Amino acid sequence: MTKLTIVAFDGTRHDLEVEPGSTVMENAVRNSVPGIEAECGGACACATCHVYVDDAWVAAAGQPSPMEEDMLDFAVDVRPNSRLSCQIKITPALDGLVVNVPERQG
Ligand code: FES
């Protein structure tokens, strides 16, 4: 298990123990973190799982794929550290990852 913290827009921290191989989105939905709607179920086709990766984790989380980049165009208030949380797979290298949920999706 690795640690994942998802910070909701109101500042509430969701400190989770998660399985490597799962995605950030799956863990957000499983734990009812508000603001992650994930309408497409993780197919990189909706942008309602948009998150901001904490600055300290941007390099470790990696860059979005071209497909993810295209879908991020549909997200609101996109920033350099924006990612789609269904496209961030938990690995041991991401133990301790922190992401922030935007004010609103879509
Ligand atoms: S859940 Fe739809 S793009 Fe991530």
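Once a new chain begins, its residue numbering starts again from 1 and follows that chain's sequence as written. Given that the model is predicted, a residue must reach a pLDDT of at least 70 before its local features are reported, and side-chain atom pairs must reach 80 or more before they are shown or counted; all residues, however, enter totals for whole chains, interfaces and linings. The basis for every side-chain value is the complete set of non-hydrogen atoms in the structure, without hydrogens or water.

Peer 1: What exactly am I supposed to notice about the overall build of the protein here?
Peer 2: Counting from the N terminus, the helices are DSSP H or I runs at least four residues long and the strands are E runs at least two residues long. Counting its secondary structure elements, the protein contains 3 helices and 5 strands. Helices (α) and strands (β) of the protein occur, in sequence order from the N terminus, as β-β-α-β-α-α-β-β. Scored against the burial criterion, the 106 residues of the protein give a buried share of 46%. Here, residues are in contact when the closest pair of their heavy atoms is within 4.5 Å. At a minimum sequence separation of 6, the contacts of the protein that also span at least 24 residues come to 63%. The Shrake-Rupley method, run with a 1.4 Å probe, gives the accessible areas here. Residue values count only the displayed protein chains as cover. Counting every atom, the protein has about 5500 Å² of accessible surface; 51% of that belongs to carbon and sulfur. Charged residues are defined here as Lys and Arg on the positive side and Asp and Glu on the negative side; His and the ends of the chain fall outside this count. Charge positions come from single atoms, namely NZ of Lys, CZ of Arg, CG of Asp or CD of Glu. Across the protein, the 7 positively charged side chains and the 16 negatively charged ones have centroids separated by 3 Å. A simple rule labels every residue: compare its accessible area, found with a 1.4 Å probe on the protein chains alone, to the largest value its type can have, and call it buried under 20%, exposed over 50%, or partly exposed in between.

Peer 1: Explain the pairing of strand E1 (residues 2–7) to me, please; I cannot follow it from the model alone.
Peer 2: The two faces of the sheet receive side chains in turn, since in a regular strand these alternate between them. Burial within E1 is extensive, with 5 of its 6 residues counted as buried. Two strands qualify as a pair provided DSSP detects at least 2 bridges between them. Following E1, the chain reverses through 5 residues before pairing antiparallel with strand E2 (residues 13–18); Gly-11 in that reversal takes a positive phi of roughly 95°.

Peer 1: Where do I start with the nonpolar core in this structure?
Peer 2: The nonpolar side chains of soluble globular proteins are, as a tendency, buried together. Grouped together as the largest cluster of nonpolar side chains are 30 residues, with contacts concentrated most on Leu-4, Ile-6, Val-24, Ile-36 and Leu-97. Elements with a contribution of two residues or more to this core: E1, E2, helix H1 (24–30), strand E3 (50–53), helix H3 (66–72) and strand E5 (97–100). Not counting residues up to four positions away in its chain, the partners in contact with Ile-36 are Met-25, Ala-28, Val-29, Thr-48, Cys-49, His-50, Val-51, Ser-85, Val-101 and Gln-105. Nine residue types can take part in a nonpolar core, namely buried Ala, Val, Leu, Ile, Met, Phe, Trp, Tyr and Cys, and a core is a set of them joined through side-chain atoms within 4.5 Å.

Peer 1: Please clarify how the side chain of Asn-27 should be interpreted in this entry.
Peer 2: Here Asn-27 shows up in helix H1. Separated by 2.8 Å, the side chain of Asn-27 and the backbone oxygen of Thr-23 make a polar contact. Each polar contact in these results corresponds to two N or O atoms within 3.5 Å; when the atoms are within protein, one needs to be able to donate a hydrogen and the other to accept it, and residues that are neighboring in sequence are counted only if both atoms are side-chain atoms.

Peer 1: Please explain the environment of Phe-74 as it appears in this structure.
Peer 2: You can see Phe-74 is positioned in the loop between H3 and strand E4 (82–84). Judged by its relative accessible area of 60%, Phe-74 falls in the exposed class. Taking the C-alpha atoms as reference, Phe-74 lies 9.4 Å from Gln-105; in sequence the two are 31 residues apart.

Peer 1: Sorry, what's going on with the side chain of Thr-48 here?
Peer 2: Within the secondary structure layout, Thr-48 lies in the loop between H1 and E3. Look at Thr-48 and you get buried, because its relative accessible area is 6%. A polar contact is formed between the side chain of Thr-48 and the backbone nitrogen of Glu-39, at a distance of 2.9 Å. In this structure Thr-48 touches Gly-35, Ile-36, Glu-37, Ala-38, Glu-39 and Gln-105, once residues within four positions along its chain are discounted.

Peer 1: I tried to follow the pairing of E2 on my own but got confused; where do I start?
Peer 2: Residue alternation in E2 divides its side chains into a buried set, His-14, Leu-16 and Val-18, and an unburied set, Arg-13, Asp-15 and Glu-17. As judged from the 6 bridges shared by E1 and E2, these two strands associate in the antiparallel manner. Looking at the pairing, Lys-3 lines up with Glu-17 of E2.

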